[in-house]
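Each chain, letter by letter, is given below.
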Amino acid sequence: MSMTGKQAILSVLALVPAGYVVSYGQLADLAGLPGRARLAGTVLRRADTSALPWHRVVASSGHISLPAGSREAREQKERLLTEGVVFRGNKVDMKQHQWRPDLGALLVLLDQ
């Protein structure tokens, strides 16, 4: 994994606003790494994301990808609920809460 790819993933993650989520694949796509959802997951697992909104990344189905019932999964769901994210059963309502940034604006933000 290149430092550039890792940094791009973390930079995009930092821009995901409260009340919205991205999937691992979407995060990779927005970071310029199409088809690299697993890479996004690996980066999030290995990097220190304590200062980043790691909880805003979910599976493409809207499910929390952490082990069900784990402390981390409960924390992620609680953080999302606090931000007003709506769950339908055990998954995020992706139609309502998936982040869809303007790509031109995103490129400007990442260039800063």
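Residues numbered from 1 in each chain as written. Predicted model: local features only at pLDDT ≥ 70, side-chain atom pairs only at ≥ 80, totals over all residues. Heavy atoms only, no water.

For the coordinates displayed, the defined rule picks out five salt bridges. Three or more residues joined by partner-sharing salt bridges are found here, namely Arg-71, Glu-72, Glu-75 and Arg-79. (Salt bridge = Lys/Arg side-chain N within 4 Å of Asp/Glu carboxyl O.)

Let's shift gears to the side chain of His-97. With respect to the element layout, His-97 can be found in helix α5 (residues 94-97). Look past the residues within four positions of His-97 in its chain and what remains in contact with it is Gly-19, Tyr-20, Val-21, Gly-84, Val-85, Val-86 and Val-92. (Helix = DSSP H or I, 4+ residues; strand = E, 2+ residues; numbered from the N terminus. Contact = heavy atoms within 4.5 Å.)

Before going further, it helps to spend a moment on the side chain of Ser-23. Tracing the sequence through the fold places Ser-23 in strand β1 (residues 22-23). On the accessibility criterion, Ser-23 (7% relative accessible area) is buried. Polar contacts involving the side chain of Ser-23 include one to the main-chain amide nitrogen of Gln-26, which spans 3.0 Å. If sequence neighbours within four positions are ignored, Ser-23 has contacts with Val-57, Val-58, Ala-59 and Ser-60. (Buried < 20%, exposed > 50% of the residue type's maximum accessible area, 1.4 Å probe, protein only. Polar contact = N/O pair within 3.5 Å; in protein donor to acceptor, adjacent residues only side chain to side chain.)

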